Structures are given as C-alpha cells and as structure tokens.
Amino acid sequence: MTVRVLTALPVYNERRHVLPVLDEVRRYCDEVLVVDDGSTDGTPELLAQRSDIHRVTHPHNRGYGAALISAFEFALSGGYDVLVTIDCDGQHEPQRIPRFVEACAGGDVDIVSGSRYLEPLPGDSRPPEDRRRINQIITHELNDRLGLRLTDAFCGFKAYRVPALAKFELTETGYAMPLELWVQAVATGLRIVELPVPLIYLEEARSFGGSLDNAEIRLAVYRDVLRRSIQRANALCERLLAGAGECRS
C-alpha cells in the first residue's frame, strides 16, 4: 500500500535558507508544503518561483504554532497518511525524513518526535545555554505532570499519523504551541516515540520576538501555557466522561 506523505515547513522571513532547504527536502519527499507566516523579507517572491510545492500563506504573521496548525489542517483536508514537519532554518537534516516516515507509517505510533538530547551524535553543536536550560526545565515538568518520558519538548522535526491530528483542538499560535500539543496528545491517548536528531544551531542569536527574547519571561510564558493546557484538557475529559466518551489523563 502506498503511503501518502506530506512534508510541511513553517516559514517566516527565511529568504536566506528557504530555497536550498526546499531543494534538499524535495529529494526525500514528493509533496512539500510551505506555510508562509506573513514573511516580508522577499521570501514570498522566492516561493512564487517554485512550481513543485504547495503553499499556504498567512497575510500577516500569526506565529509558529499557527503555521503548524495550518499544516495540520492542510494534511487532514488532503487525505495524507503521514505529515512530517521540519524547520526551515537549516537546523534539521532532510535526509532523516524517510526514517521518520517509516517509524510513523506502521500504524503503531501516532507521533514520532525528534530529540536533540536523546543521544549524542557526531558534529553536535553546543546550544545557547538559556535555550538548553529552559528546554530541560519544561521537558522535566511535562514528564512529571503528564507521565511522559520525553528528552526534548521543543524539537520541530516530527512525523504525525494524519488521522490522529483530528483529535487536536489547538489554540496556541506561538512558540509554546508544542506544550498544548503534548497535553492533548496524552489526554487523547496518542502513542509517542522519539528519534535522535543532531543538535545544530546555525544562528544562535535568532530572535523569538519581543519579550520572549528574555529567557525568564519565555520560561514563564511556557509554564503558563502548560498550566492552561492541562486545565483545558481536564475540562474536556470531564465533558467526555459525562457523555460516556473516552479520555486519558
């Protein structure tokens, strides 16, 4: 049976990277979606030259999470079997896409999540200290509160079994969206595995935008999103149980 695979890249002002990254991704996946999240640096003009990709364009910048939500909606409406997400800043290696697809396509896993900390790999970079510290803190808190065994809460390299995406009701539009995703994945009983990926930082000074560039503010935002996501999932579980539905917590 042929597995229909879509690889999606959320893009915002990636003129420097977008074309070479797309060329490499197309070597490993026939169907590629770019979600342009309101780029203003000439990225849209470069994308318009490509006839070998799908495009979804946000008229204004809505956030990393919003771009991923658009990719989920596109994959669901298109009837794909597996959705791979990969960042466009050169941090991820497209040659690993087939391995992610293979791990997800068997039907025993719903989310295959890349991890930069699962095991050391040759050529690993040293991450900015505040990013590694916050990732470790939030990953520990996720595991403690949700019963997970993650080693990397924020890696953007993932593969999803597309029918499972229909279970999500995601509302977070920024960089904290993965936390809401993990909460809902646990609440709906999705099966999760991690695969190791290299730790690559090409632009250590890349901005999160506004106050999120302050590490302590960013940590506080992540914790607030995690708290609200758990509260929302608990409320959803109560409604499902009242209606004889199913929910895991």
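Residues numbered from 1 in each chain as written. Predicted model: local features only at pLDDT ≥ 70, side-chain atom pairs only at ≥ 80, totals over all residues. Heavy atoms only, no water.

1. Digging into the pairing of strand E4 (residues 82-85)
Looking along a regular strand, one sees side chains alternate from face to face of the sheet. Worth spelling out the cut-off: Exposed residues in this analysis have more than 50% of their type's maximum accessible area, buried residues have under 20%, and partly exposed residues fall in between, with area computed by a 1.4 Å probe over protein chains only. Secondary structure follows DSSP: runs of H or I at least 4 residues long count as helices, runs of E at least 2 residues long count as strands, and numbering of each begins at the N terminus. Note on pairing: DSSP must find at least two bridges between two strands before they are called paired.
Burial along E4 is two-sided: the residues Val82 and Val84 and Leu83 and Thr85 are all buried. Of the pairings in the sheet, the one linking strand E1 (residues 5-11) to E4 comprises four bridges and is parallel in character. Looking across to E4, one finds that Val5 is bridged to Val82. Across four bridges, E4 lies against strand E6 (residues 158-161) in antiparallel orientation. Its bridge partner being in E6, Val84 is matched across the sheet by Ala159.

2. A short note on empty space enclosed by the protein
For clarity, the cut-off: Think of a 1 Å grid over the protein atoms and nothing else: a 1.4 Å probe that fits but is trapped marks a cavity, an open set flanked by protein within 12 Å on at least five of seven lines marks a pocket, and residues with an atom within 4 Å of a point count as lining. Grid points are joined across faces, edges and corners, and a volume is the space filled by probe spheres set on the points. Polar here means any residue other than Ala, Val, Leu, Ile, Met, Phe, Trp, Tyr, Cys and Pro, which are nonpolar, and Asp, Glu, Lys and Arg, which are charged; Gly is therefore polar.
Inspection of the entire model under this criterion finds three cavities of 30 Å³ or more. As a volume, the largest cavity reaches approximately 80 Å³. Lining the largest cavity are Tyr64, Leu68, Phe72, Thr85, Phe154, Cys155, Gly156, Lys158, Tyr160, Met177, Pro178 and Leu181. Residue assignment for the lining of the largest cavity shows that the elements contributing at least two residues are helix H3 (64-78), E6 and helix H7 (177-187). For the lining of the largest cavity, a count of residues per class yields nine nonpolar, two polar and one charged.

3. Brief notes about the environment of Asp37
Note the following rule: Two N or O atoms count as a polar contact when they lie within 3.5 Å, although within protein this holds only if one can serve as hydrogen donor and the other as acceptor, and sequence-adjacent residues are included solely when both atoms are side-chain atoms.
The residue Asp37 is located in strand E2 (residues 31-37) in this model. A relative accessible area of 3% means that Asp37 is categorised as buried. Polar side-chain contacts of Asp37 include one of 2.7 Å to the side chain of Asn61. Polar side-chain contacts of Asp37 include one of 2.7 Å to the backbone nitrogen of Gly63.

4. Here we look at the nonpolar core
Selection rule: Put simply, a nonpolar core is a bunch of buried Ala, Val, Leu, Ile, Met, Phe, Trp, Tyr and Cys residues held in one set by side-chain atoms that sit within 4.5 Å of each other. Residues count as neighbours in contact if any of their non-hydrogen atoms are within 4.5 Å of one another.
Core analysis: the largest hydrophobic core is formed by 45 residues, its most contacted members being Phe72, Leu83, Ile138, Leu142, Phe168, Leu181 and Trp182. The set of elements that each furnish at least two residues to this core consists of E1, E2, H3, helix H5 (129-146), helix H6 (162-165), H7 and helix H8 (215-242). Per-element tally for this core: the top contributor is H7, with eight residues. In contact with Phe168, not counting residues within four places along its chain, are Phe72, Ile111, Leu181, Gln184, Ala185 and Leu190. By size, the runner-up hydrophobic cluster in this structure holds 28 residues, among which are Leu9, Leu22, Cys88 and Cys155.

5. Overview of H7
With eleven of eleven residues buried, H7 lies mostly within the body of the structure. Where H7 is concerned, the buried positions are Met177, Pro178, Leu179, Glu180, Leu181, Trp182, Val183, Gln184, Ala185, Val186 and Ala187. Following H7 by one or two positions, Gly189 has its phi on the positive side, about 75 degrees.

6. A few points about the packing of aromatic side chains
Convention followed: The pairing test for Phe, Tyr and Trp rings, Trp by its six-membered ring, is centres within 6.5 Å, and the orientation test on the planes gives stacked under 30 degrees, edge-to-face over 60, and tilted for anything in between. In our convention, an over-ring charge means Lys NZ or Arg CZ found within 6 Å of a ring centre and within 35 degrees of that ring's normal.
Applying the stated criterion across every chain yields a total of six aromatic pairs. With centroids separated by 6.2 Å and ring planes inclined at 25 degrees, the aromatic side chains of Phe72 and Phe168 adopt a geometry described as stacked. Of the two residues, Phe72 sits in helix H3 while Phe168 sits in the loop between H6 and H7, which places them 96 residues apart along the sequence. Of the residues examined, Phe72 reaches a relative accessible area of 5% and is grouped as buried. Among the aromatic residues, ring-to-ring pairing joins Phe72, Tyr160 and Phe168 into one connected group. The positively charged end of Arg4 is found above the aromatic ring belonging to Tyr80, 4.1 Å away from the centroid.

7. A look at the side chain of Asp87
Note the following rule: We count Lys and Arg on the positive side and Asp and Glu on the negative side, and we leave His and both chain ends out. Salt bridges are identified by distance alone: a Lys or Arg side-chain nitrogen within 4 Å of an Asp or Glu carboxyl oxygen.
If you trace the backbone, Asp87 turns up in the loop between E4 and helix H4 (97-105). Among buried charged residues, Asp87 stands out as having no salt bridge; its nearest opposite-charge side chain is Arg116, 6.7 Å away. Among the polar contacts made by the side chain of Asp87, one reaches the side chain of Tyr64 at a distance of 3.2 Å. The residues contacting Asp87, other than those within four sequence positions of it, are Leu9, Pro10, Val21, Tyr64, His92 and Gly156.

8. Examining the sheet that holds E1
Keep this limit in mind: Whenever a helix is involved, its axis is fitted only over the stretch in contact; in every case the axis is a line through C-alpha atoms, and angles between N-to-C directions fall within 0 to 180 degrees.
On the basis of which strands lie adjacent, the open sheet formed by seven strands has the order E3-E2-E1-E4-E6-E5-E7 and mixed pairing. Each edge of the sheet is formed by a strand with only one pairing partner; in this case those strands are strand E3 (54-58) and strand E7 (192-196). Recorded for the sheet is a direction-independent mean angle of 20 degrees between the axes of neighbouring strands. On top of the sheet, H3 reaches E1, E2, E3, E4 and E6; it is set at about 145 degrees to E2, its chief contact.

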